[in-house]
Amino acid sequence: MMLKLLLKRIILPLVTVFAVCLNANAQTITLKGKVTDEKGLPIAGASVKLKNTGSGTTASAEGNFTISYSGRPNLAVSAIGYTTREVSLTGQSQLTIALPEDNKVLNEVVVTALGIKRDKKILTYSTQEIKGDVLAQSKEPNLVNAIAGRASGVQVTSSSGSPGSSSRIVIRGGSSFFGDNQALMVIDGVPVDNSETGNLNSGPGTNRIADIDPSIIANVNILKGAAATALYGSRGANGVIIITTKNGGLNKKPVINFSSGVSFEKPLLPQLQNKYSQGTNGVYYDGEKQKTSQSWGARMDTLKINGQPAKVYNQSDLFFRTGHTYNNTVSIGGGGAASTYLISYSNLNQQGTVPTTQFLRNTFFAKYSAQVLKNLNTTFQLNYSNSQNDRLPEGYALESPVWTIFTAPVSYNLQPYLNADGTQRLYRFSRNNPYWVLDNIKNHAGVNRFLPTFTADYKPLSWLTVTERFGADVYTEMDRYHESTQSVSNPNGRLVDNNTTFRQYNNDFIVSANKTFGDFNVDVLLGNNILSTYSENTYANGVGLTIPGLYNMASASTVKYSEASYLQRKIGFYLQSNIDYKRFLVLSLTGRYDGNSVLSTDHNFYPYGSAATSFIFSEFFSPELSQVMNLGKLRVSYGTVGNDGSIGPYSLLTPYNSVTIRNLAFPYGGQSGFLVSDVLGNATLKNERINEFEAGFEAGFFNNRISLEASYYSKKTIDGIIPSVSITPSSGYAATSVNSAIMRNRGIEVLLNINPVKTQSFSWDMTLNYTRNRNKILSIYKDQQQLGNGFTNIIVGQPYGVIYGTKWARNAQGKLLIDDNGLPFAADEQGIIGNINPDWIGGINNNFRYKQFNLSFFFDFKKGGDIQNNVDGYGYFYGTPKVTEDRGPRVVDGVNATTGQPNTVSVNGQAYYQRANGVLESVIQDGSYVKLRNVSLGYTVKPSWLAKSPFKSATLSVTGRNLWIHAPHFTGGDPEVSSFGSSNGAQGIYSFSVPTSRSVDFTLKVTL
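Residues numbered from 1 in each chain as written. Predicted model: local features only at pLDDT ≥ 70, side-chain atom pairs only at ≥ 80, totals over all residues. Heavy atoms only, no water.

Draft legend 1. Highlighting the overall build of the protein chain. Assigned secondary structure in the protein chain consists of 11 helices and 60 strands. For 1008 residues, the compact-globule estimate of 2.2 N^0.38 gives 30 Å, and the C-alpha radius of gyration of the protein chain, at 33 Å, lies within 12% of that figure. Principal axes of the C-alpha set define a box for the protein chain whose edges measure 140 × 75 × 65 Å. When burial is assessed residue by residue, the protein chain has 53% of its 1008 residues classed as buried. Across the protein chain, the fraction of contacts at a sequence separation of at least 24, relative to all contacts at a separation of at least 6, is 68%. (Helix = DSSP H or I, 4+ residues; strand = E, 2+ residues; numbered from the N terminus. Rg over C-alpha atoms; globule rule 2.2 N^0.38 Å. Buried < 20%, exposed > 50% of the residue type's maximum accessible area, 1.4 Å probe, protein only. Contact = heavy atoms within 4.5 Å.)

Draft legend 2. Just the pattern of salt bridges, in detail. Tallied over the entire structure, the rule returns 40 salt bridges. We note a salt bridge from E885 to K275, for which the minimum N-O separation is 3.8 Å. Here K275 lies in the loop between strand 19 (252-267) and strand 20 (279-280) and E885 lies in the loop between helix 10 (870-878) and strand 53 (890-891), a separation of 610 residues in the sequence. Residue class for E885 comes out buried when judged on its relative accessible area of 14%. (Salt bridge = Lys/Arg side-chain N within 4 Å of Asp/Glu carboxyl O.)

Draft legend 3. Broad picture of the sheet that holds strand 52 (residues 866-869). The three strands lie next to each other as 56-52-59, forming an open sheet whose pairing is mixed. A strand with exactly one partner marks an edge of an open sheet, and here the two such strands are strand 56 (924-926) and strand 59 (989-990). Pairing geometry for strand 52 and strand 59, over two bridges, is parallel. In the sheet register, Q868 faces strand 59, and the bridge partner there is I989. Packing of helix 10 onto the sheet brings it into contact with strand 52, strand 56 and strand 59, and relative to strand 52 it is tilted by some 35°. (Pairing = 2+ DSSP bridges. Axes fitted to C-alpha atoms, helices over the stretch in contact; angles between N-to-C directions.)

Draft legend 4. Local environment of the pairing of strand 13 (residues 184-187). Across the two faces of strand 13 the burial is the same, with L184 and V186 and M185 and I187 all buried. Bridging between strand 13 and strand 18 (residues 240-245) involves four bridges; their strand directions are parallel. The residue of strand 18 that forms the bridge with I187 is I243. Two strands pair when backbone bridges link them, and strand 13 and strand 14 (residues 190-192) are joined in this way by three bridges, in the antiparallel orientation. Bridge pairing links I187 to V190 in strand 14. Taking the residues between adjacent antiparallel strands as the criterion, strand 13 and strand 14 are bridged by two residues, where D188 takes a positive phi near 50°.

Draft legend 5. Broad picture of the sheet that holds strand 4 (residues 64-69). The strand order 4-1-7 describes an open sheet built from three strands, whose pairing is mixed. In this open sheet, the two edge strands, each paired with only one partner strand, are strand 4 and strand 7 (94-99). Each neighbouring strand pair of the sheet contributes to a mean axis angle of 30°, computed without reference to strand direction. Note that strand 1 (residues 29-37) and strand 4 share six bridges and pair antiparallel. Looking at strand 4, one finds that I29 is bridged to Y69.

Draft legend 6. A look at the packing of aromatic side chains. Across all of its chains, the model carries 40 aromatic pairs by this definition. The side chain of R150 reaches across the aromatic face of F858, ending 4.3 Å from its centre. Sitting over the face of the ring of Y929, K931 holds its NZ or CZ atom 5.2 Å from the ring centroid. (Phe/Tyr/Trp six-rings, centres within 6.5 Å; stacked < 30°, edge-to-face > 60°. Lys NZ or Arg CZ within 6 Å of the ring centre and 35° of its normal.)

Draft legend 7. Layout of helix 10. The buried fraction of helix 10 is high, at seven of nine residues. Among the residues making up helix 10, those that are buried are N870, V871, D872, G873, G875, Y876 and Y878. Buried residues along helix 10 sit in contact with helix 7 (401-407), strand 52, helix 11 (909-916), strand 56 and strand 59. Capping the start of helix 10 is the job of one residue whose side-chain oxygen sits 3.1 Å from the backbone nitrogen of V871: N869. (Polar contact = N/O pair within 3.5 Å; in protein donor to acceptor, adjacent residues only side chain to side chain.)

Function-wise, these values are silent; they only describe arrangement.
Next comes the structure, spelled out in structure tokens:
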């Protein structure tokens, strides 16, 4: 009885309470949460897991997730680029988790040669990554311009402010005397063409990477040295720009992004005078009855015309307009459990500061990736672009309107441009009226381009991957130039049709393996590359338009037609092995064996490779020291690569050319006439070779809050190709091509990243880069000491790209020699008067974030680098540069060439500057500058404000470009430009190109 009573009154109630508690503890709770970053923006695809249970889910595009739990487990939330957070669950049903960025993770994985991703920590060579959002922030239509100043070792030069104009990108200085020194462009593992095309008259064309929409780019990686680029063979000898495009996301609902921007551009003009009228020696010419190209007339503030004060016509303000650029982009991306997709369309409409000039670009991009089988992944993508470019002649051309605007007298009204009888109204005889040019001269280029790529990755074993990648680059370009009758340069009119077809096919078959053997990790890659490049061109030039205004080749009275086609094939076999020991000692070996169809059978196959090592000494640090310096690495590499960019198809042969004998040009009388070229083909030509040594140091402090990378390199080009050296006339030829040149580049690169402040509400990031390159010509050919190269010269013992020409005569003490008329004069012998290579270049970028606001500003610098300022040079004769406003008498500082005594003879300004016009040294200016290249202010709307709207996020930004330029020794508009395009011989000259612009951009971006 006592036992029953005990069970009934004490034990049973206790069991009941225990059961109730147990049931309560085992109750299932549904947790609805959201994952955001420190700004409160959602993190799509974040991983949410209940630790030690195997249960988990993935955050949606809005960062939302739902998960059920019981008891009191720990919830682990992680995402790429963010620090993992753990939260103890104690019955919550709602939760918001903010993940901080992880600086240590952000740059761990980078894209290297052939699109292979590697851990940056164990790389044995220099590479630098630029994020896609940084490129987009610049608001540059051309990707190359967006890179300018942001990477060490990289120099970008614009050619013109005309819409669609080319830009040049060179890594670690020029490697070849001739050919193309620009870096190779690679998109998702496939090389693409970046030739300059589209201009049928004077001035630059368009570099074809301008066909790519920057908004589809996820990141750009820059491979600099031979050890980094050897896998690309001879095409990678000048460095490689690796472009990686964006993807969709696994288990991600469709996300629609839309951005719309408009910018306003004002031209950066040279310094011109507006105080003196048309005329000479202080006498006014009216430009109607008295014509002259000179502006050495009467002062405008004293001049009266028909009894009224003369009106000042600011020719640049009247001619140039405010340019407008409209850029609209829409994309949709997402994916399921085994596939992702991204589709993007963009429309760019750039209306230039010169009326009638424009660049229109429509691009479509689609990318689909799928896991077809458990161990097979495929990706197919297509990039299509259509561009239409209208431009006008620039530079020296008689048809160039910019020349006439910059040299026109301020006393003459250029409008109307027609006389009463319908002829051109001209204030001078040898150049067209610039307003007549707008309506009667046009250079149009239309391009359709396709870039398809297919990639398949198959993993038969966990440590083995087989990759097949096929890519193509196909475009057609139709260019047309027309010049109406009555043109000063072609009075009977001119018409040019130029059609180009380009096809390039690239295939890589790669087998890669990764295996761990005790303390060693071995990564081996073996591959084969096949590249086929075909181009076809037809060119027709017609003069004498029988029907004015009918721009059809059938209306030309005389037509010359030519056509050409080129086919080049390359095949390469490559091997790379990376061996690391305990993650602190790394050895990388690369080898490639290339074959090139354009070389002779004795030289068409050639091997090269690289060896590199790195020592990560921070692996031996104590825990206390690692908290201060988390990374310390030394690396050394040596590589040798071939370079055959100067050898085109059929260049080993001696061709026949159309001939002109005395005054008879063939075809004549219906008969064609050809003679063998006077340049003898050299069938023994072989590729150039570049040998490069590189040493580097990398360090990270305070969990990469401060990171430093410094590199020293020394590279030498041997067997450099000289396409035309003189040979004895008794051979029957004037010149031939040889492998003989030697050139050296040595330099230092420094990259510093600092994150001084980082809190939940405020952060500050700063990046600094510095580059110093020294170049020297060691040999040309036998005893030859000098070669011409466009606007520069190649001289043994001097840097590549010195300016050579007439210079002032001086005595032994360097004083100017003055003639008996009181004027300095040119020396009997020409000499070196400038060097286009900068002493150093650099950049500083600051990015501030405060809650929903983001502010960034970017300065870049160039110290040294001379420029031939032809706007001033020719202007000295015309009397148009700002400096010519000082026209009073002056005694030129110097000594009389006859007596040796100090000069005392006074001369006026016109005589002095017109003498300077004939001496090239007088127009060589130091191109040093400090440029506020980019300023951007953005505001991201708080997510809570959009809760009841269809938008997930919205950002408004204002961006300024070229807002301030300090160039104390340069009198042109922008010291960065090179007026005649991106070729080797067209650098260091400022000559009547369309001015670059200062612009302000407004952009709205929303996500649905």
